[in-house]
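Fold and geometry: a report
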Amino acid sequence: MITKNDIFGYMPNDKYNIAVAYFSMEFAVDQALKIYSGGLGFLAGSHLRSAYELKQNLLGIGMLWKYGYYDQGRDGNALMKPEFIEKQYSFLQDTGIVFTVPVHDAPVHVKAYLLKPETFGSAPLFLLSTDIPENDDQSRAITRQLYDPNEATRIAQSIVLGIGGAMLLDILQIEPAVYHMNEGHSLPLNFYLYAKHNNNLDEVKKRVVFTTHTPEMAGNEDHDYSLLKDMSFFYHMQEHEVKFVLGMEGDKFNYTLAALKFARKANGVSKLHGEVARQMWGSNPGTCEIISITNAQNKTYWKDVQLDDAVGKNNNDGIIQRKKEMKRQLFKTVADQCGKLFNEDTLTIVWARRFAAYKRADIVMYDWERFLNLVNNTERPVQIIWAGKPYPEDYGAIDLFNQIMSKVKPFANCAVLTGYELALSALLKKGADVWLNTPRMYREASGTSGMTAAMNGAINVSLPDGWVPEFAEDKKNCYVIQPADNQLSTEEKDAQEARNLMDTLENLVVLAYYNKQGQWLTMLKQAAADIVPAFEAGRMADEYYEKMYKS
């Protein structure tokens, strides 16, 4: 049997000796390991990296997705096309452990793989797969695709992650003091723990903490009790027992509400989101305390060493030179994908993140005449790049992505890139002068892309949502887009915030870049200084121990 020393390969720091199992449906640890979709995975990956740097007694439990999320290709018209391609990972260790998890009252065989800490510099990560010969095709499909569109398959994925992950720890004879659910996907682990501890809810609460990431009710997963019962989601419990023990009613079982009743403590992922989460859930009896621990990113992974050195030495010439070099690297990808040659001396604006409607990738085009004036200005030229992955079944988001592609095709200074994963994300952050963030207010729980952009000499131009209010000093370390009055309709807010964005770009950003280089560099250096340590994942990983695991 694999030992704890085999798993970790290091002695945990005494400060962090509480044993923690961190459950997440996705982890973005390295470009080579494609088991993530977006921000939730980026966060979990940085958490594991910083846990490793701090030598914390924490291990991850995740899923080994056969096709990953999806590969973002192009069709014959150069528009976006999701592709599902099997992945191979020779660097994962086959633990030899195979066990069964009940799904739909039938045994599903689960195989455990291990990503060892030394491979990519992360805390150890166990990955579960059902794609093995012992299973039939339906069972093998459970770990085929991250966030499978089929409802029953999605439920089975949660069962394998939650119950399977908890079973694996028992097989390994690892008894975590804390089970940390990163979002509600792993919720079934609580029903397993409830049975393990003789149907004692207090014993579960002693051990479970929960991080919620979703600031709107519609985004919190729920399903019919009857379907979940049929799927063995509740492990050995009956529907009426679940409702009685958790004090829940109705026909739909809400993952987030249940997690808040099983956990001893929960957190939102920014100060603003913590407030929103308390307003959303606080009136429900039996829910735990919700605090705030703001998301962060691992600087060791994301930083450019040369730029970081130049910023640290206050070497303006070095900063300018290195930014141009990083822009040239990005522009090779632009040329390769789009056949457009960008200029390293031109102000480069980047909008890149998970592609969802509320993030408003096209807001810069809201007033088409102003957009044309911006991109056709030869005196103070700009270049704009978009990138991001829509959910492969979100046809509205895919349509918007393709609309932007089609609209900018005639412009030599506008490009839409495909393949938004860790490597392209890093390239974009290093090559951007401006990192654009335009979500509808109060829809972004945190967001972290602007943190790593600021680590790499990009200046944030952003609405004050998610993590941004904790960082932003307007015109000192970023540019804040003035939000519209919250009483306005969605359409009126979009129009007003589009105007405010263009005012900011035309009257402040473009002028500063071309006419006030000293001011621009001062802002760039101030942003880099303000990001670390407050938004570096070492602070976050430490805070989870102090505020969630030890309490």
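Residues numbered from 1 in each chain as written. Predicted model: local features only at pLDDT ≥ 70, side-chain atom pairs only at ≥ 80, totals over all residues. Heavy atoms only, no water.

Looking now at empty space enclosed by the protein. Which parts of space are left empty comes out when a probe the size of a water molecule is rolled across the atoms. As enumerated under the stated definition, the model contains three cavities of 30 Å³ or more in all. The volume enclosed by the largest cavity comes to roughly 50 Å³. Surrounding the largest cavity, Lys 34, Ile 35, Tyr 36, Tyr 67, Gly 68, Tyr 69, Tyr 70, Asp 71, Lys 87, Lys 389 and Glu 421 form its lining. The residue inventory of the lining of the largest cavity, partitioned by class, reads five nonpolar, one polar and five charged. (1 Å grid on protein atoms, 1.4 Å probe; cavity = no way out; pocket = protein on both sides within 12 Å on 5 of 7 lines; lining within 4 Å. Points joined across faces, edges and corners; volume = space filled by probe spheres on them. Nonpolar A, V, L, I, M, F, W, Y, C, P; charged D, E, K, R; others polar.)

Bringing the side chain of Ser 292 into the picture now. As for its placement among the helices and strands, Ser 292 is situated in strand 13 (residues 289-292). Taking relative accessible area as the criterion, Ser 292 reaches 17% and is therefore assigned buried. A polar contact is formed between the side chain of Ser 292 and the backbone oxygen of Ser 270, at a distance of 3.2 Å. Among all residues touching Ser 292, those that are not within four sequence positions of it are Gly 268, Ser 270, Lys 271, Gly 274, Arg 278, Glu 543 and Lys 547. (Helix = DSSP H or I, 4+ residues; strand = E, 2+ residues; numbered from the N terminus. Buried < 20%, exposed > 50% of the residue type's maximum accessible area, 1.4 Å probe, protein only. Polar contact = N/O pair within 3.5 Å; in protein donor to acceptor, adjacent residues only side chain to side chain. Contact = heavy atoms within 4.5 Å.)

Here we take up the nonpolar core. The nonpolar side chains of a soluble globular protein tend to be buried, and buried together. If you look at the biggest cluster of nonpolar residues, it comprises 159 residues, and the most contacted ones within it are Phe 191, Phe 233, Phe 253, Trp 386 and Tyr 549. If one sorts the elements of this core by residue count, helix 5 (residues 151-171) sits on top with ten residues. Apart from the residues lying within four places of it in its own chain, the contact partners of Phe 233 are Ile 155, Ser 158, Ile 159, Ile 163, Leu 187, Pro 188, Phe 191, Leu 228, Phe 253 and Tyr 255. (Core = buried A, V, L, I, M, F, W, Y, C linked by side-chain atoms within 4.5 Å.)

For the rest of this paragraph, the subject is the pattern of salt bridges. Tallying each qualifying case throughout the model produces 34 salt bridges. A salt bridge links Arg 140 to Asp 131; the nearest nitrogen and oxygen atoms lie 3.0 Å apart. Look at Asp 131 and you get partly exposed, because its relative accessible area is 21%. In this structure, Glu 506 engages Arg 370 in a salt bridge whose closest nitrogen and oxygen atoms are separated by 2.6 Å. (Salt bridge = Lys/Arg side-chain N within 4 Å of Asp/Glu carboxyl O.)

Residue placement: Lys 550 occurs in the segment after helix 22 (537-549). Taking relative accessible area as the criterion, Lys 550 reaches 38% and is therefore assigned partly exposed. In this structure, the C-alpha to C-alpha distance between Lys 550 and Val 510, residues 40 residues apart in sequence, is 48 Å. Contact partners of Lys 550, with chain neighbours within four places excluded, come to Lys 15, Ile 18, Arg 264 and Tyr 545.

Below, the discussion takes up the packing of helix 13 (residues 305-312) against helix 14 (residues 316-338). The geometry of helix 13 relative to helix 14 is characterised by a closest axis approach of 9 Å and an angle of 160° between their N-to-C directions. Regarding the angle of helix 13 to helix 14, the classification is roughly antiparallel. Of the two elements, helix 13 crosses helix 14, and the hand of that crossing is left-handed. Contacts between helix 13 and helix 14 pair Gln 306, Leu 307, Ala 310 and Val 311 from the former with Gly 318, Ile 319, Arg 322, Lys 323, Glu 325 and Met 326 from the latter. Here the contact of helix 13 with helix 14 is built from residues that sort into five nonpolar, two polar and three charged. (Axes fitted to C-alpha atoms, helices over the stretch in contact; angles between N-to-C directions. Parallel < 35°, antiparallel > 145°, perpendicular 65-115°, else oblique. Left-handed = near helix turned anticlockwise from the far one by under 90°.)

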